[in-house]
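Given next are the chains, with one letter for each unit.
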Amino acid sequence: MIYVLAAIGALTVVVLMWKAFGPQTTGEARRRPRQAPIAPDDDPDFLRRLGEQQRKQRPGEDD
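Residues numbered from 1 in each chain as written. Predicted model: local features only at pLDDT ≥ 70, side-chain atom pairs only at ≥ 80, totals over all residues. Heavy atoms only, no water.

### Considering the overall build of the protein
Of regular secondary structure, the protein possesses three helices and zero strands. The secondary structure elements of the protein, listed N-terminal to C-terminal, are α-α-α. Across the 63 residues in the protein, those meeting the buried criterion constitute 3%. Summed over all atoms, the accessible surface of the protein reaches about 6,500 Å², with 60% contributed by carbon and sulfur. (Helix = DSSP H or I, 4+ residues; strand = E, 2+ residues; numbered from the N terminus. Buried < 20%, exposed > 50% of the residue type's maximum accessible area, 1.4 Å probe, protein only. Areas by Shrake-Rupley, 256 points an atom, 1.4 Å probe, with all protein chains shown as cover.)

Dropping the structure here:
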């Protein structure tokens, strides 16, 4: 019986130490929804860079 109580006590100490010194997570980080990734064809910066690259590849054409 003493071993069962010792195991429960040791487990309690381990859990408390984990809560105190384990990986830190803030409550806000857990509640904040993940932002969905933006597809390349929906990203305005990607489309702008793509247009610039295409213009550079066709130097003979005038705008």
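### Remarks on the pattern of salt bridges
By the definition in use, this model includes two salt bridges. The partner of Glu 52 in a salt bridge is Arg 48, and the shortest N-O contact between them spans 3.3 Å. With Glu 52 and Arg 48 both in helix α3 (residues 44–57) and four residues apart, the pair spans about one turn of that helix. Judged by its relative accessible area of 33%, Glu 52 falls in the partly exposed class. A relative accessible area of 44% places Arg 48 in the partly exposed class. (Salt bridge = Lys/Arg side-chain N within 4 Å of Asp/Glu carboxyl O.)

### Let's talk about a nonpolar patch on the surface
Together, Met 1, Val 4, Leu 5 and Ile 8 give the surface a local cluster of nonpolar side chains, amounting to about 450 Å² of exposed area. Here Met 1 is to be found in the segment before α1 (2–21). Residue Met 1 is classed as exposed on the basis of its relative accessible area of 75%. (Patch = residues over 30% accessible without salt bridge, like charges linked within 9 Å, V, L, I, M, F, W, Y side chains within 5 Å.)

### Quick look at the confidence of the model for the protein
Confidence in the prediction for the protein averages 82 pLDDT; 79% of positions are at 70 or higher. For the protein, per-element mean pLDDT is lowest for helix α2 (residues 27–31), which scores 58, and highest for α1, which scores 94. (pLDDT = per-residue confidence, 0-100.)

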